[in-house]
Amino acid sequence: MRHLEFDGRYAEAILKGRKRATVRLGRRPNLKEGDVVLIHSGGYALGKAVIERVESKTVGELTDEDAFLDGFSSREELVNALKTHYKYVNDDSPAHVVVFRLTERFDKPVMSSDYAYEGNNPIEIAEMALKHLDLPEDDRKLIELFLRAGSLRKAAYRLGGMNKRYLIRGALRRAYEELKKRGLMGPKL
């Protein structure tokens, strides 16, 4: 199952239905209409949603309607929020509006890492990987950065912005899969 992650400040708006979209900058998210995703906010999985559409445009083409779907009162407010999440934002920046519908709300939020790595802590995965695996150089550097930074968010910012999280997640996922193959880790869920 795919994951759609948000800053913790958006949890209430998502759960109350005021935030039904997200605008992501950079490369197009690997999502399409009909995909079911886990919605995460502030490190917790809040529920499941279905993707209704993904529309690509530039920041300059974003509208007030895009902003309202994303829980903001205006396009200007949305663009200002994007500037807090991404290092470089201008009118030519590629933007992708991901509209979703919450289909299941969890009774109690679940730690996001419980879903991402079958209940294993990402820090433990990183430490085990560095100790026991002969990692590709790129993955080793990403995992070392993650451990130094102490969080996925901080490591992504050091790489250039939140849109770089996928690089670190990918390295952690590959390491976890290899650790599982070798019997050094397994599902805890």
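These numbers were taken from a predicted model, which means no experiment stands behind them. (Residues numbered from 1 in each chain as written. Predicted model: local features only at pLDDT ≥ 70, side-chain atom pairs only at ≥ 80, totals over all residues. Heavy atoms only, no water.)

It is worth spelling out the overall build of the protein at this point. Across its full length, the protein holds 8 helices and 5 strands. Each helix (α) and strand (β) of the protein, taken in turn from the N terminus, gives the series β-α-β-β-β-α-α-β-α-α-α-α-α. A compact globule built from 189 residues would reach a C-alpha radius of gyration of about 16 Å, and the protein, at 17 Å, matches this within 12%. Counting only C-alpha atoms and orienting by the principal axes, one finds that the protein spans roughly 50 × 35 × 25 Å. (Helix = DSSP H or I, 4+ residues; strand = E, 2+ residues; numbered from the N terminus. Rg over C-alpha atoms; globule rule 2.2 N^0.38 Å.)

Enumeration over the complete set of coordinates arrives at 2 aromatic pairs. Between Phe6 and Phe100, the aromatic rings sit 5.8 Å apart at their centres with planes inclined by 55°, giving tilted as the arrangement. Pair noted here: Phe6 is in strand 1 (residues 2-6) and Phe100 is in strand 5 (residues 94-111), with a separation of 94 residues, a long-range link. For the residue pair Phe6 and Phe100, the accessibility class agrees, reading buried in each case. Ring plane angle 75° and centroid distance 6.2 Å describe the contact between Tyr10 and Phe72, whose orientation is recorded as edge-to-face. With a gap of 62 residues between them, Tyr10 in the loop between strand 1 and helix 1 (11-15) and Phe72 in the loop between helix 2 (64-69) and helix 3 (75-85) connect regions that are remote in the sequence. Overall, Phe72 belongs to the buried group, its relative accessible area being 11%. Its guanidinium or amino end placed over the ring of Phe6, Arg24 lies 5.1 Å from that ring's centre, counting from NZ or CZ. One Lys or Arg, Arg27, reaches over the ring of Tyr166 and ends 3.7 Å from the middle of that ring. (Phe/Tyr/Trp six-rings, centres within 6.5 Å; stacked < 30°, edge-to-face > 60°. Buried < 20%, exposed > 50% of the residue type's maximum accessible area, 1.4 Å probe, protein only. Lys NZ or Arg CZ within 6 Å of the ring centre and 35° of its normal.)

Inspection of every chain in the model, using the stated rule, returns 1 cavity of 30 Å³ or more. Approximately 200 Å³ is the volume found for the largest cavity. Together, 18 residues line the largest cavity, and Tyr10, Thr22, Val23, Arg24 and His85 are the ones closest to its centre. If you tally residues by element for the lining of the largest cavity, the top one is helix 3, at 4 residues. For the lining of the largest cavity, the residue count by class is 9 nonpolar, 2 polar and 7 charged. Residue assignment places the lining of the largest cavity across two domains, with domain 1 (2-111) and domain 2 (115-182) each supplying three or more. (1 Å grid on protein atoms, 1.4 Å probe; cavity = no way out; pocket = protein on both sides within 12 Å on 5 of 7 lines; lining within 4 Å. Points joined across faces, edges and corners; volume = space filled by probe spheres on them. Nonpolar A, V, L, I, M, F, W, Y, C, P; charged D, E, K, R; others polar. Domains from an automatic or database assignment.)

Moving on, we come to the side chain of Lys57. Summarising the element assignment, Lys57 is placed in strand 4 (residues 44-58). Not counting residues within four places of it along the chain, the set of residues in contact with Lys57 comprises Leu62, Thr63, Asp66, Ser93, Pro94, Ala95 and Val97. (Contact = heavy atoms within 4.5 Å.)

We note that the domain assignment places domain 1 (2-111) and domain 2 (115-182) within the protein. Of note, the centres of domain 1 and domain 2, computed from C-alpha atoms alone, are 24 Å apart. Listed by partner, the interface residues are 18 residues for domain 1 and 9 residues for domain 2. Among the residues domain 1 hides against domain 2, the three largest losses belong to Glu5, Arg27 and His85. Together they make up 37% of the total. Between domain 1 and domain 2 we count 2 salt bridges in total. Between Asp7 and Arg153 there is a salt bridge, and its shortest N-O distance comes to 3.7 Å. At the junction of domain 1 with domain 2, the criterion picks out 1 residue pair in polar contact (both at pLDDT 80 or more). Broken down by secondary-structure element, the contributors of at least two residues to the side of domain 1 that touches domain 2 are strand 1, strand 2 (21-25), strand 3 (36-41), helix 3 and strand 5. (Buried area = accessible area lost by both parts, 1.4 Å probe. Salt bridge = Lys/Arg side-chain N within 4 Å of Asp/Glu carboxyl O. Polar contact = N/O pair within 3.5 Å; in protein donor to acceptor, adjacent residues only side chain to side chain.)

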